[in-house]
Amino acid sequence: MKIYIAGHRGMVGSAILRQLQAQGGHELITRTSGELDLTNQAAVQDFMAAEKPDQVILAAAKVGGIIANNTYPADFIYENLMIECNVIHAAYTAGVHKLLQLGSSCIYPRLAEQPMQENALLTGTLEPTNEPYAIAKIAGIKLCESYNRQYGTDYRSVMPTNLYGPGDNFHPENSHVVPALIRRFHEATQNNTPEVVIWGTGKPMREFLHVDDMAEASLFVMGLDDATYRANTEPMLSHINVGTGSDVTIGELAHMVAEVTGFQGAVSFDTDKPDGAPRKLMDVSRLKDMGWSARIGLKEGLTNAYQWYLDNQTTLRG
Ligand SMILES: NC(=O)C1=CN([C@@H]2O[C@H](COP(=O)(O)OP(=O)(O)OC[C@H]3O[C@@H](n4cnc5c(N)ncnc54)[C@H](OP(=O)(O)O)[C@@H]3O)[C@@H](O)[C@H]2O)C=CC1
Ligand SMILES: C[C@H]1O[C@H](OP(=O)(O)OP(=O)(O)OC[C@H]2O[C@@H](n3cnc4c(=O)[nH]c(N)nc43)[C@H](O)[C@@H]2O)[C@@H](O)[C@@H](O)C1=O
């Protein structure tokens, strides 16, 4: 099996690459963004036509936390739409029958009923801090559904909850909350800083999934036979939620990260920073019914992510 992993140097792509390498027996195709800019339509068409992979895993995207999304909305909508259109269309024209693309839990309405089921898509207004990114991710689902309907392809979409783990982006402003807090609490511990400031009120609730679980779920969904997959997705909806099924407040998360990093000081909240969605817990019963559940608990996962951060501090990106 010849598999192209788009975004193999990112957190999710690298975890998928590790698992496929461990499985063995595949020819794995990778390109960095420097070698192949996926926003360049002609370059993507040429690449796909030359390589003709059997399968494509689309884990390349413009990704960031709440402030990055709110500060660079044009980059988030433009780059993600371009990457999805180019990769999905080029895969189709090169005869790729099977593709998996990664969306995000932010596709669901800001005030969607909790836990959020797959059929909550397009039933309400999106969270404003990441609406451009969410619109691009919804377009990704609809691209896959449309190619499946018109051309009979088998393009699947997984909607991950908030992810963390080895290979994450630890940028102080542009990252997601877990890597941001790991870095901030670690640096405060090193510098004997008495207080760590958390963005927002600490009251929003988030569900966190370790990236190794996400990679496993992605390959599980990709490996489902056509009949099983179709039996478990709605006639016109092709996406599947991926998460743990439980969430914590950001305040609770902060205390867990403090414990993992050994921080003994105080925690305060900067309420001038946005909270974002109040809650976005995934309903993961569809994936569970098909036989997959997350295995890595939050405390264990945070410990693992912190160890990775300690081991890779000199080569962090962002
Ligand atoms: N992180 C999270 O919490 C969540 C992530 N997701 C989704 O999971 C997927 C993977 O995210 P994650 O691994 O965290 O993201 P990362 O930022 O870690 O990795 C993204 C990868 O995309 C590649 N990329 C970006 N732009 C381009 C481009 N123009 N051309 C080629 N490659 C490009 C980069 O390649 P290179 O390194 O070569 O520059 C990078 O390695 C995304 O679709 C994201 O939306 C969904 C929910 C939560
Ligand atoms: C995965 C997901 O990621 C983004 O949405 P988000 O869930 O809001 O993700 P976040 O990790 O940035 O924040 C979660 C919560 O945590 C609070 N928070 C506290 N302190 C820090 C902090 O230091 N950094 C960050 N980033 N957040 C902090 C923050 O105020 C918010 O209440 C979107 O890109 C969206 O499009 C998307 O897909």
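Located above this text is the structure these notes cover.
Report on the accompanying structure. Owing to the predicted nature of the structure, the values given are computational and were not obtained by experimental measurement.

### Describing the overall build of the chain
Counting its secondary structure elements, the chain contains 11 helices and 12 strands. In summary, the chain has a C-alpha radius of gyration of 19 Å against a globular reference of 20 Å for 318 residues, a match within 12%. For the chain, the spread of C-alpha atoms along the principal axes amounts to about 60 × 40 × 40 Å. Counting every position in the chain, which comprises 318 residues, the buried fraction comes to 53%. Sequence-distant contacts in the chain: of pairs separated by 6 or more residues, those separated by 24 or more amount to 82%. For the chain, the exposed area adds up to about 13,600 Å²; of that, 49% sits on carbon and sulfur atoms.

### Re the pairing of strand 5 (residues 154-160)
In terms of burial, strand 5 is largely enclosed, as 7 of its 7 residues are buried. Two strands pair when backbone bridges link them, and strand 4 (residues 98-102) and strand 5 are joined in this way by 5 bridges, in the parallel orientation. Across the sheet, leucine 100 pairs through a bridge with arginine 156, a residue of strand 5. A crossover connection joins strand 4 to the parallel strand 5 through helix 5 (residues 131-151); in handedness this β-α-β unit is right-handed. In the sheet, strand 5 pairs with strand 10 (residues 239-242) via 4 bridges, with the strands oriented parallel. When the sheet's bridge partners are listed, valine 158 is paired in strand 10 with isoleucine 240.

### Comments concerning the side chain of threonine 233
Within the secondary structure, threonine 233 sits in the loop between helix 8 (226-231) and strand 10. Looking at threonine 233, its side chain comes within polar contact range of the main-chain oxygen of tyrosine 229, at 3.0 Å. When neighbours within four sequence positions are excluded, threonine 233 is seen to be in contact with Ser238, His239, Ile240 and Arg286.

### As for helix 2 (residues 41-51)
The α-helix winds at 3.6 residues per turn, so residues separated by three or four positions along the chain end up facing the same way. Of all the positions in helix 2, only Val44, Phe47, Met48 and Glu51 are classed as buried. Projected down its long axis, helix 2 carries its buried residues within an arc of 95°, all on one side. Facing away from the buried surface of helix 2 by more than 90 degrees, the exposed residues are Asp46 and Ala50. Looking at the packing, one finds that the buried side of helix 2 touches strand 1 (2-6), strand 2 (27-29), strand 3 (55-58) and helix 4 (73-93). The opening residue of helix 2, the one whose side-chain oxygen lies 3.2 Å from the backbone nitrogen of alanine 42, is asparagine 40. Lysine 52, located one to two residues past helix 2, shows a positive phi value of around 40°.

### Structural notes on the packing of aromatic side chains
Going through the model one piece at a time under the given rule, you end up with 9 aromatic pairs. Measuring from ring centre to ring centre gives 4.7 Å for tyrosine 4 and phenylalanine 47, while their planes differ by 65°; the resulting arrangement is edge-to-face. Of the two residues, tyrosine 4 sits in strand 1 while phenylalanine 47 sits in helix 2, which places them 43 residues apart along the sequence. When its relative accessible area of 1% is taken as the criterion, tyrosine 4 is described as buried. By relative accessible area, phenylalanine 47 is classed as buried at 8%. A centroid spacing of 3.9 Å and a plane angle of 20° characterise the contact between tyrosine 92 and tyrosine 151, whose relative ring orientation is stacked.

### Focus on the site of ligand 2
As a structural note, the neighbourhood of ligand 2 is formed by 22 residues, with Gly64, Asn69, Arg184, Pro274 and Asp275 the closest of them. Histidine 176 places a polar side-chain atom, nitrogen or oxygen, 3.2 Å from an oxygen atom of ligand 2. Take lysine 280: an N or O atom from its side chain is 2.9 Å from an oxygen atom of ligand 2. Out of a free accessible area of 690 Å², ligand 2 has 98% covered by protein chains. Sorting elements by how many residues they give to the shell around ligand 2 places helix 6 (residues 177-190) first, with 3 residues.

### Notes on the site of ligand 1
The environment of ligand 1 is formed by 27 residues, the closest being Val12, Ser33, Tyr133, Lys137 and Arg317. Between an oxygen atom of ligand 1 and a main-chain N or O atom of glycine 10, the distance comes to 2.9 Å. Note that an oxygen atom of ligand 1 is positioned 2.5 Å from one of the side-chain N or O atoms of tyrosine 133. Here ligand 1 loses 89% of its free accessible area of 900 Å² to cover by the protein chains. Residue assignment for the shell around ligand 1 shows that the elements contributing at least two residues are helix 1 (11-23), helix 5 and strand 6 (162-164). For the shell around ligand 1, the per-class residue count stands at 13 nonpolar, 10 polar and 4 charged.

Criteria and thresholds
- Residues numbered from 1 in each chain as written.
- Chains lettered and ligands numbered in written order.
- Predicted model: local features only at pLDDT ≥ 70, side-chain atom pairs only at ≥ 80, totals over all residues.
- Heavy atoms only, no water.
- Helix = DSSP H or I, 4+ residues; strand = E, 2+ residues; numbered from the N terminus.
- Rg over C-alpha atoms; globule rule 2.2 N^0.38 Å.
- Buried < 20%, exposed > 50% of the residue type's maximum accessible area, 1.4 Å probe, protein only.
- Contact = heavy atoms within 4.5 Å.
- Areas by Shrake-Rupley, 256 points an atom, 1.4 Å probe, with all protein chains shown as cover.
- Pairing = 2+ DSSP bridges.
- Right-handed = clockwise from strand over helix to strand, strands pointing away.
- Polar contact = N/O pair within 3.5 Å; in protein donor to acceptor, adjacent residues only side chain to side chain.
- Arc of directions from axis to C-beta.
- Phe/Tyr/Trp six-rings, centres within 6.5 Å; stacked < 30°, edge-to-face > 60°.
- Near = heavy atom within 4 Å.
- Nonpolar A, V, L, I, M, F, W, Y, C, P; charged D, E, K, R; others polar.

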